[in-house]
Amino acid sequence: MRKWTIMLTTLTAAAVALSGCGSSNNGGNASNGTNSSSENASNETSTNNSGKSGEVVTIRTSITEGELSKEQIAEFEKEHPNIKIKIETVDATKLAAQLATGDAPDVIRILGVQDLPNYVIKGIAMDLSDRIEQSSVFKADDLLPITDVYRFDGKTVGEGPIYGLPKDWSNDYAIFYNKKAFDAAGVPLPDPKQPLTLPELMELSKKLTIMDGKKVKQYGLATNSGAKTEPTYDSLIEYLLSAGVDINGEDFGSINFDNQAVKDYINSWLDGVKNNIGPNSVNNDQTNNGDLFFKNQAAMMIFGYWYSGVIRNDERAKSHLEDFGMLPTPVAPNGTRVAPTGSATGGIINAASKHPEEAWTFFEWYFGGKPADDRAKTGWGLPIFKSKMDLLPNETVFDKQVNEVLKDEMEYSNQYMKMNPYLAGGGGSIFNKYVQPLLFGKSSLDEAIKGMTKDANNAIEEAKAAAGQ
Amino acid sequence: MKEKTKRIIAFYSMISPWFIVFLVFGLYPMMYGLYLSFTNYYGFNIKKLKWMGLQNYHKVFTDSDAMYSLGRTLYVTLINVPLGVAIGLGLAMLLNRPVRGVGVYRTIFYLPSIVPALASVLMWKFIFSSNNGVLNGILNLFGIDSVNWLGYDYATTSLLIMLLWGAGGGVLINLAGLKGIPRDLYEAASIDGASPFKRTFHITVPLMTPVIFFNVIMGIIGSLQIYMQPILLNGAELLARPIQPNYLYFVHAFQQIFAFQRFAYGMALLWVLFLAILALSVVVFTTSKYWVHYETDQEG
């Protein structure tokens, strides 16, 4: 009898675990499943209520607390007594589950470059073309071309209806330098007017890397925290944009990584990894990249304009801001100059929102009203309005250097990275699957290219079939 | 009302809170997931689902990633469970001794199992770091070259070390089992001249086999469902792909559902895992009659 009791317990435990995928496992889950709301959310009504005159409706948004302060919410709610704003903390897994169950927020925060086409194809994003056209806040001649990242006609990004707007944007593959690290390596700063090619960047990074015996004293190149100085799917797509290569087949129906430009890109980065130019999977250095940069242990960082905000506000940099500066986005050899945004974080209105009018009111205010001015003044990203460019910081030597380079970069920022919408978030996963063994010398480039092409096409085929195409 | 009826009502009244919650939040989603695993559900087509029959299940067995990750998961389970159970029992036996401050030691050894997985992974990432990592620092002290603990060759070893660090989680149930062993058995054995080694292997271990059996079963279930630790050990976010040797089965299912939105296929993967857990449990259960000893009659 006792054995049967244990067996039954086993079955039940396994069943409970099976039904709980994505909730908690082995001691918890990194995904934050709790919702946070503004202090004013206590007066909310059900989101199922219609926005009839006199009724207060709650607009749920996944814009984060760091991007929308309680004070800003209070200001908005004072101006719009019929609308309450509730911030929902979501991560990719929670949002996917919310979308699948039709319970996603009214205004969804997305990465325009990576997410928009996928959201349009799945019918999640509301077409905002008429609203934006008729808006007194968003004027066509004042919006920067970068806003077209949120246009998609089913085939081409930048064309067709507009489904959302970035809150701000950056030339995300540009370089920030620390002159002290350049001086330590005895290497002069490159010309900020002339973009480096990727192989040139690798060579420069090698020169800037200083060894102390077997230990690295100073790296040449680092990138955002958590990421490693090695090939990534996103930066491959950026490189291909400069090389003028589109690896997607017609209507994104297929993809082919078997292209010389892809091989050149991967080889350049493999060379960088081999020469230890930055923290990577092979040297397994877990030091925070920001710490490396500000402690003069990394000479360059791959970041867009928004990182100037980090530099301005870091205590370790404040006293000598003139030692920092921006360099243009690197290009492919013989490629055209590009400075695309790598994310254009912004928002869309959920096509299934029960309160589209109120959602639009909030959307218009957040993306074009006072919060847009507040964002521009901080320099933590570039505004989407020409008229707000003057609000960017322009006081210190550092500000002026960055703005000078930015002026050039702006002229090359109106091309968009061609992310295959059918790969959704899986493109990076497939790419990493085949690049990791390369880093450790466990496979050949040809095997990797063949494998990623096969996997990606299988995923595309299945996604298209599921979408009924 | 008859006494038997009263007892039945009392029984069901008492289990109903858990049972109702299980039905609504456990069994129903599970069965719904089973239904979805036979469709083409990809997260956004709930209103126009297409019946796919066994197609998703067929894919599981032809998906090289699924089979590879299943193999790696079984490998990790094969090492993690026996070692975890043995360490848990060994620690409990040490902590069962009347030593001064034993309560503090029990707390310390149990602590890893209440530290959130995210925090413990972050801590271990720095221990395993090649640059200023504690583990390599110790190796360097003995003149041994640093090792890339999170690289291809050692990633699974590192994962296992991290998992076994939490082996003290079994201390509570093991201690409870040890307290249940009558003292007079040890006294009688001592009088007969049995050494501590013999007392351990002829009294403690046989009488602890029901607890070991329970720990083995729960260990298998837990090990087959590991996903967060390998992901975070190599990446910074949950959709990051862990290094290939740590690409475990549950990670694959997680990736299929949340990175590729292949919800139906992900459900099929999880149901296959459920069947694998069931099969392994049955194997352990069947063999238990040869090694699990109960003090009471098992026929009833």
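Residues numbered from 1 in each chain as written. Chains lettered and ligands numbered in written order. Predicted model: local features only at pLDDT ≥ 70, side-chain atom pairs only at ≥ 80, totals over all residues. Heavy atoms only, no water.

## Here we look at the overall build of chain B
Counting its secondary structure elements, chain B contains 13 helices and 0 strands. Counting from the amino terminus, chain B carries its helices and strands in the arrangement α-α-α-α-α-α-α-α-α-α-α-α-α. Dimensions of chain B along its principal axes, counting C-alpha atoms only, are 80 × 75 × 30 Å. Within chain B, the fraction of its 300 residues that count as buried is 48%. (Helix = DSSP H or I, 4+ residues; strand = E, 2+ residues; numbered from the N terminus. Buried < 20%, exposed > 50% of the residue type's maximum accessible area, 1.4 Å probe, protein only.)

## Some thoughts on the domain arrangement of chain A
Residues and elements named next belong to chain A. Per the domain assignment, the segments of chain A are domain 1 (39-169 + 344-404) and domain 2 (175-341 + 418-466). Look at where the C-alpha atoms of domain 1 and domain 2 centre, and you get two points 29 Å apart. At the interface, 26 residues of domain 1 touch 25 residues of domain 2. Around 2,100 Å² of area is buried between domain 1 and domain 2 when both sides are counted, 64% of it from carbon and sulfur atoms. Between Arg 312 and Asp 399 there is a salt bridge, with the nearest N and O atoms lying 2.7 Å from each other. Counting the contacts that link domain 1 with domain 2 gives 5 residue pairs in polar contact (both at pLDDT 80 or more). Mapped onto the side of domain 1 that touches domain 2, the elements with two or more residues apiece are helix 4 (112-121) and helix 15 (397-410). Element by element, the count of residues in the side of domain 1 that touches domain 2 is highest for helix 15, at 7 residues. For the side of domain 1 that touches domain 2, a count of residues per class yields 15 nonpolar, 8 polar and 3 charged. (Domains from an automatic or database assignment. Contact = heavy atoms within 4.5 Å. Buried area = accessible area lost by both parts, 1.4 Å probe. Salt bridge = Lys/Arg side-chain N within 4 Å of Asp/Glu carboxyl O. Polar contact = N/O pair within 3.5 Å; in protein donor to acceptor, adjacent residues only side chain to side chain. Nonpolar A, V, L, I, M, F, W, Y, C, P; charged D, E, K, R; others polar.)

## Regarding the sheet that holds strand 10 (residues 298-302) of chain A
Residue and element names in this part refer to chain A. Ordered in space as 8-9-10-7-11, the 5 strands form an open sheet in which the pairing is mixed. Each edge of the sheet is formed by a strand with only one pairing partner; in this case those strands are strand 8 (210-212) and strand 11 (324-327). Here the average twist between neighbouring strands, direction ignored, is 25°. In this structure, strand 9 (residues 215-222) lies alongside strand 10, joined through 3 bridges in parallel fashion. Pairing of Tyr 219 across the sheet is with Ala 298, part of strand 10. Sheet strands in contact with helix 7 (residues 198-208) are strand 7 (175-178), strand 8, strand 9 and strand 10, and its direction is about 155° off that of strand 9. (Pairing = 2+ DSSP bridges. Axes fitted to C-alpha atoms, helices over the stretch in contact; angles between N-to-C directions.)

## A short note on the pattern of salt bridges
Close approach of charged atoms allows side chains of opposite charge to pair. Applying the stated criterion across every chain, the model contains 31 salt bridges over all chains. By sharing partners, the salt bridges in this structure join A:Glu67, A:Arg109, A:Lys167 and A:Asp168 into a single network.

## Points about the side chain of B:Asp63
With respect to the helices, strands and loops of the structure, B:Asp63 is situated in the loop between helix 2 (55-62) and helix 3 (64-95). There is no salt bridge for the buried B:Asp63, and the closest opposite charge comes from B:Arg262, which lies 5.2 Å off by N-O distance. (Lys, Arg positive; Asp, Glu negative; His and termini not counted.)

## Considering unusual backbone geometry
Residue and element names in this part refer to chain A. Phi at Asp 251 is positive, roughly 55°, even though this residue is not glycine. Position of Asp 251 relative to the elements: it lies in the loop between helix 8 (233-243) and helix 9 (260-274). Classification of Asp 251 as partly exposed rests on a relative accessible area of 32%. Despite not being glycine, Ala 344 has its phi angle at roughly 50°, a positive value. In this structure, Ala 344 sits in the loop between strand 11 and strand 12 (345-349). Exposure remark for Ala 344: the relative accessible area of 1% places this residue in the buried category.

## Looking at the side chain of A:Glu88
On the secondary structure map, A:Glu88 appears in the loop between strand 2 (83-87) and helix 3 (92-100). For A:Glu88, the side chain forms a polar contact with the side chain of A:Gln98, separated by 3.0 Å.

## Digging into the packing of aromatic side chains
All names here are of chain A. For the structure on display, the rule yields 45 aromatic pairs over all chains. Relative to Trp 365, the ring of Phe 76 has its centre 4.8 Å away and its plane inclined at 45°; by these criteria the two rings are tilted. With Phe 76 in helix 2 (residues 70-79) and Trp 365 in helix 13 (residues 356-368), this residue pair connects regions lying 289 residues apart in the sequence. Summarising the burial analysis for this pair, Phe 76 and Trp 365 share the class buried. Ring-pair connections join several aromatic residues into one group, and the members of that group are Phe 76, Phe 138, Trp 360, Phe 362, Phe 363, Trp 365, Tyr 366, Phe 367 and Phe 385. Seen from the ring of Phe 385, Lys 388 lies directly overhead, with NZ or CZ sitting 5.0 Å from the centre. (Phe/Tyr/Trp six-rings, centres within 6.5 Å; stacked < 30°, edge-to-face > 60°. Lys NZ or Arg CZ within 6 Å of the ring centre and 35° of its normal.)

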